[in-house]
Amino acid sequence: MKRLLPLLAICALVLFAGCLAVPVEKSGGPGSVVVPNTNVNAIIAAANDVFPQYGYSTGPVNYPDSISFDKKSGAFGKILYGSYGTTTSVRVKLVMVPLSGNSYQLRTKVYRVTDAGQAGFEDSRAMMGLWSGEFKPLLQKISAEAANAGPM
């Protein structure tokens, strides 16, 4: 038992050290995208072009860190998450993380929102991180549109 404890400590140290050695550019999780040589305004303009093409409307904005987009749930979403008299939406929060060289990493966080936009009644719950991977094609379109816009 005494020999096993140091071995477990070394394994844990190696695992945690590996996590800390990942560059920021590769730490965005599933579906993250890097946009080179751009600025926040170009990213927001591109996002406002791309997300409405998929049925999303602009939601809450936390300039310059994030912008959100909402889409009402379909019939399946109402069955899974809805209840009598409440509306259910999916909210995608686009987070813009500044990197070196005027580049930004785009990440998404997905929420299930009931009564979206109704002050005092809105309730949001984060969905699993795997949902963020579903938005990589949209982020790639945003990246293509906003890349090389230069600094503000």
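Here the structure is a predicted model, which is why all the values come from computation and not from measurement.

About the thresholds
Residues numbered from 1 in each chain as written. Predicted model: local features only at pLDDT ≥ 70, side-chain atom pairs only at ≥ 80, totals over all residues. Heavy atoms only, no water. Helix = DSSP H or I, 4+ residues; strand = E, 2+ residues; numbered from the N terminus. Buried < 20%, exposed > 50% of the residue type's maximum accessible area, 1.4 Å probe, protein only. Contact = heavy atoms within 4.5 Å. Areas by Shrake-Rupley, 256 points an atom, 1.4 Å probe, with all protein chains shown as cover. Salt bridge = Lys/Arg side-chain N within 4 Å of Asp/Glu carboxyl O. Phe/Tyr/Trp six-rings, centres within 6.5 Å; stacked < 30°, edge-to-face > 60°. Arc of directions from axis to C-beta. Core = buried A, V, L, I, M, F, W, Y, C linked by side-chain atoms within 4.5 Å.

**Q** Please clarify how the overall build of the chain should be interpreted in this entry.
**A** In terms of regular secondary structure, the chain is built from four helices and six strands. Ordered by position from the N terminus, the helices and strands of the chain form the series α-β-α-β-β-α-β-β-β-α. By the burial criterion, 35% of the 152 residues in the chain qualify as buried. Within the chain, counting contacts between residues at least 6 apart in sequence, those at least 24 apart form 59% of the total. When the accessible area of the chain is evaluated, it comes to approximately 9500 Å², of which 62% is carbon and sulfur surface.

**Q** Looking at this structure, how should I read the pattern of salt bridges?
**A** A pair can form between side chains of opposite charge whenever their charged atoms are brought close. Evaluation of the coordinates by the stated rule reveals one salt bridge. Between Asp70 and Arg91 there is a salt bridge whose closest N-O contact spans 2.7 Å. Note that Asp70 is positioned in strand β3 (residues 66–72) and Arg91 in strand β4 (residues 88–98), a separation of 21 residues in sequence. Here Asp70 matches Arg91 in class, with each residue buried.

**Q** I would appreciate a short explanation of the environment of Gln140 in the present structure.
**A** Tracing the backbone through its elements, the reader meets Gln140 in helix α4 (residues 136–146). Sequence-wise, Gln140 and Val34 are 106 residues apart; in three dimensions their C-alpha atoms are separated by 8.8 Å.

**Q** Sorry, what's going on with the packing of aromatic side chains here?
**A** By the definition in use, this model includes four aromatic pairs. Ring plane angle 5° and centroid distance 4.3 Å describe the contact between Phe51 and Phe69, whose orientation is recorded as stacked. Remark: Phe69 occurs in strand β3 and Phe51 occurs in the loop between α2 (40–50) and β2 (57–62); sequence separation between them is 18 residues. Across this residue pair, the class does not change: Phe51 and Phe69 are buried. Ring pairs connect the aromatic residues Phe51, Tyr56, Phe69 and Phe135, which therefore count as one cluster.

**Q** Would you mind going over α4 with me for this structure?
**A** What sets the pattern is the α-helix's 3.6 residues per turn: residues three or four places apart point alike. Taken as a whole, α4 has its buried residues at Leu138, Leu139, Ile142, Ser143 and Ala146. Projected onto a plane normal to the axis of α4, the buried residues spread over an arc of 140° and lie on a single side. Those residues of α4 hidden inside the fold are in contact with β1 (33–35), α2, β4 and β5 (104–114). At the exit of α4 stands Asn148, carrying a positive phi of roughly 60°.

**Q** Can you walk me through the environment of Thr108 in this structure?
**A** With respect to the secondary-structure elements, Thr108 resides in strand β5. On a C-alpha basis, the gap between Thr108 and Met96 in space is 8.9 Å, while along the polypeptide they are 12 residues apart. Sequence-distant contacts of Thr108, that is, excluding residues within four places in its chain, are made with Val92, Lys93, Leu94, Ser132, Phe135 and Leu139.

**Q** I'm lost on the nonpolar core in this one. Help?
**A** Most often, soluble globular proteins keep nonpolar side chains buried together rather than apart. One finds Ile43, Phe51, Leu94, Met96, Leu106, Phe135 and Ile142 to be the most contacted residues of the largest nonpolar core, which totals 25 residues. Sorting the residues of this core by element identifies β1, α2, β3, β4, β5 and α4 as the ones contributing at least two each. Broken down by element, this core gets its largest block of residues, seven residues, from α2. Not counting residues within four places of it along the chain, the set of residues in contact with Met96 comprises Val40, Ile43, Ile44, Pro64, Asp65, Ser66, Ile67, Tyr104, Gln105 and Leu106.

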